[in-house]
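Per-entry structural report
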Amino acid sequence: MKNTMSKKAAFYVIDIVVIAFFFYPILIALNTAFKSPLETAESVLSMPSGLYLKNFYEGMVKSNFVHSLFNSTIVTFPSVILIVLFSAMGGYSIARHGAKTFFIHNLDRLYLASLMIPFQIIMIPIYRMFRTLGLQNSLFGMIVIFTGNSIAYATFLYTGFVKSVPKELEEAALIDGCGPYRIFFNVVFPLLTPVSATVAALHVMWLWNDFNISIILLQKDVVRTLTVKQYYFFGQYSSAYGMAFAAAILSMVPVVVCFLLLQKYIISGISAGAVKS
């Protein structure tokens, strides 16, 4: 009995340490966001003497927050919708027809190969290609690169999940006269809600916080997203830490709301997607 209680106590202590480790940067951000520039210069770790809300106002003005928020929304959520749609169709094709068709059978290997290529290797070719096509400084171009760059990983999640869906449902729909598209969209796709929510939540976070692609392709101020705007709080001779952290906290709100809405599906979708048959 004592050994069991000791193990539980040890696990609780470890959990508290891990939680504190991951929440420490957030606490620092909150602490700095409510401090005046003088207090931040004196000590980064000290508590603020009061709520210095001017950081939030000045941070929103300097980053053109409303317009940058609009740009981030435009490039993130349409990309996520396309990723969910295309990856679901690709995962379904690989899971159901991979063994029958040579091209589809090797498609998963092509996706796997694409995941092994670091973005830094294709960074310059992407820049030159998008500049040639006139997609640089274009929100539509960002949707294209976000979607294409994310489909491979999402397809793997869908492939594993589709294998857990009974084929008898599709056979019954086929007997009732449904074609392949109706079988997918009316029968299979609604059953993929858990993994779809997982893919959506993960990619909202990743695309919303993207910096590498955005800083390369979005060089005009009118199309810059929130993450790129964060970069301009830090200059060669000065850094506006208070405004930067205040703007960062405001930019976190849409992602946090998305996770709160989809959190019950995330774990179930990832665990189900790991099932192999």
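Residues numbered from 1 in each chain as written. Predicted model: local features only at pLDDT ≥ 70, side-chain atom pairs only at ≥ 80, totals over all residues. Heavy atoms only, no water.

Topic: unusual backbone geometry
A positive phi angle is found at Asn64, which is not glycine, with a value near 50 degrees. Locating Asn64 in the fold gives a position in the loop between α3 (54-62) and α4 (65-97). Residue Asn64 is classed as partly exposed on the basis of its relative accessible area of 36%. Although it is not a glycine, Asn137 sits at a positive phi angle of roughly 60 degrees. (Helix = DSSP H or I, 4+ residues; strand = E, 2+ residues; numbered from the N terminus. Buried < 20%, exposed > 50% of the residue type's maximum accessible area, 1.4 Å probe, protein only.)

Some details on the side chain of Thr40
With respect to the secondary-structure elements, Thr40 resides in helix α2 (residues 37-42). Other than its neighbours up to four places away in sequence, Thr40 contacts Thr32, Lys35 and Tyr241. (Contact = heavy atoms within 4.5 Å.)

Digging into the nonpolar core
Among the nonpolar cores identified, the biggest contains 41 residues, and Met142, Ile145, Leu192 and Val199 are the most heavily contacted of them. Those elements that provide at least two residues to this core are α4, α6 (119-133), α7 (139-162), α9 (180-191), α10 (193-208), α11 (212-217) and α13 (241-273). It is α7 that provides the largest number of residues to this core, a total of nine residues. Beyond its immediate chain neighbours, meaning those up to four positions away, Met142 contacts Val75, Ser79, Ile213, Ser214, Leu217 and Leu218. Core analysis: the second largest hydrophobic core is formed by five residues, Phe233, Ala240, Met243 and Ala244 among them. (Core = buried A, V, L, I, M, F, W, Y, C linked by side-chain atoms within 4.5 Å.)

So, the pattern of salt bridges
Tallied over the full model, the rule gives four salt bridges. Salt bridges here are not isolated pairs; linked through shared partners, they connect Asp221, Arg224 and Lys229. (Salt bridge = Lys/Arg side-chain N within 4 Å of Asp/Glu carboxyl O.)

Description of the confidence of the model for the protein chain
Averaged over the protein chain, the pLDDT score is 83; the fraction of residues at 70 or greater is 90%. Note that pLDDT drops below 50 for residues 273-277; the model gives that stretch five contacts with residues more than four away or on any other chain. (pLDDT = per-residue confidence, 0-100.)

Brief notes about α7
Side chains that are three or four residues apart share a direction in an α-helix, a result of its 3.6 residues per turn. Look at α7: 32 Å from first C-alpha to last across 24 residues, which is about the 34 Å you get at 1.5 Å a residue. Maximal helix bending in α7 amounts to about 45 degrees, located at Ile151. Counting buried positions along α7 yields 18 of 24 residues, so the element is predominantly enclosed. (Expected span 1.5 Å × (residues − 1). Bend = angle between axes of the 7 residues up to and from the residue.)

A closer look at the layout of surface pockets
Space inside the largest pocket adds up to approximately 530 Å³. Along the walls of the largest pocket sit 20 residues, with Ile117, Phe119, Asn149, Ser150 and Ile213 positioned nearest its centre. For the lining of the largest pocket, the secondary-structure elements that each account for two or more residues are α5 (102-115), α6, α7, α10 and α11. Among the residues making up the lining of the largest pocket, the classes are represented as 13 nonpolar, six polar and one charged. Put simply, the second largest pocket is a space of about 450 Å³. Listed by contribution, the elements that provide at least two residues to the lining of the second largest pocket are α4, α8 (167-175) and α9. Here the lining of the second largest pocket is composed, by residue class, of nine nonpolar, three polar and five charged. (1 Å grid on protein atoms, 1.4 Å probe; cavity = no way out; pocket = protein on both sides within 12 Å on 5 of 7 lines; lining within 4 Å. Points joined across faces, edges and corners; volume = space filled by probe spheres on them. Nonpolar A, V, L, I, M, F, W, Y, C, P; charged D, E, K, R; others polar.)

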